[in-house]
Amino acid sequence: MAFGIINKIIDRTETLKKGFTKSGQTEPLLRNKKYEYRYLVDGNYKIIYFENEGVIIISAVFDTRQNPGKLKKIDD
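If you're wondering where the values come from, they're calculated on a predicted model, not measured in any experiment.

S.K.: Is there a simple way to think about unusual backbone geometry in this case?
M.R.: A negative phi holds for most residues other than glycine; trans holds for most peptide bonds. Of note, the phi angle at Glu 53 is positive, near 55 degrees, even though the residue is not glycine. Topologically, Glu 53 is positioned in the loop between strand 3 (45-52) and strand 4 (55-63). The exposed category is assigned to Glu 53, whose relative accessible area is 77%.

This is how it looks when you write it as structure tokens:
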């Protein structure tokens, strides 16, 4: 089961590899950070990412059933 979830999350990020880096919505809880954090959704998971000098950085995979305040702990 865990491998299935991991594979689905990886598959969901394929759009980012194809250059659609703005395809995710802006993450409102992280709008005061240095980077523009965006997210993609797959099931109960938010894939939090940002772009820096043309490189996509996935900074977190967040289970949306958790307290959303935990997202504020993401560091730039």
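S.K.: Any chance you could explain the confidence of the model for the protein here in plain terms?
M.R.: Detail in the predicted coordinates should be disregarded across regions flagged by low pLDDT. On average, the protein scores 90 in pLDDT, and the residues at 70 or more come to 100%. Within the protein, no element has a lower average pLDDT than helix 1 (residues 2-12), which sits at 87, and none a higher one than strand 1 (residues 25-26), at 96.

S.K.: Before we go on, may I ask you to explain the environment of Lys 46 in this structure?
M.R.: Inspection of the secondary structure puts Lys 46 in strand 3. When its relative accessible area of 16% is taken as the criterion, Lys 46 is described as buried. Put simply, Lys 46 and Arg 65 are 19 residues apart on the chain and 10 Å apart in space, counted from C-alpha to C-alpha. Residues contacting Lys 46, with those up to four places away along its chain left out, are Glu 27, Tyr 39, Leu 40, Val 41, Ala 60, Val 61, Phe 62, Thr 64 and Leu 71. Side chain to side chain, Lys 46 and Glu 27 meet in a polar contact 2.7 Å long.

S.K.: Please explain the pattern of salt bridges as it appears in this structure.
M.R.: As a working rule, side chains carrying opposite charge can pair if their charged atoms are close by. Tallied over the entire structure, the rule returns 5 salt bridges. Close ionic contact of Lys 46 with Glu 27 constitutes a salt bridge, the shortest N to O distance being 2.7 Å. Of this pair, Lys 46 sits in strand 3 while Glu 27 sits in the loop between strand 1 and strand 2 (38-42); the two residues are 19 residues apart in sequence, bridging distant segments of the chain. Assigned by exposure class, Lys 46 and Glu 27 land together as buried.

S.K.: Just checking my understanding: could you explain the side chain of Thr 21 for this structure?
M.R.: Position of Thr 21 among the secondary structure elements: in the loop between helix 2 (14-17) and strand 1. Engagement of the side chain of Thr 21 in a polar contact is seen with the side chain of Glu 51, the distance being 3.2 Å. Ignoring any residue separated from it by four or fewer positions in sequence, one finds Thr 21 in contact with Leu 16, Arg 38, Tyr 49, Glu 51 and Ile 56.

Thresholds applied
Residues numbered from 1 in each chain as written. Predicted model: local features only at pLDDT ≥ 70, side-chain atom pairs only at ≥ 80, totals over all residues. Heavy atoms only, no water. Helix = DSSP H or I, 4+ residues; strand = E, 2+ residues; numbered from the N terminus. Buried < 20%, exposed > 50% of the residue type's maximum accessible area, 1.4 Å probe, protein only. pLDDT = per-residue confidence, 0-100. Contact = heavy atoms within 4.5 Å. Polar contact = N/O pair within 3.5 Å; in protein donor to acceptor, adjacent residues only side chain to side chain. Salt bridge = Lys/Arg side-chain N within 4 Å of Asp/Glu carboxyl O.

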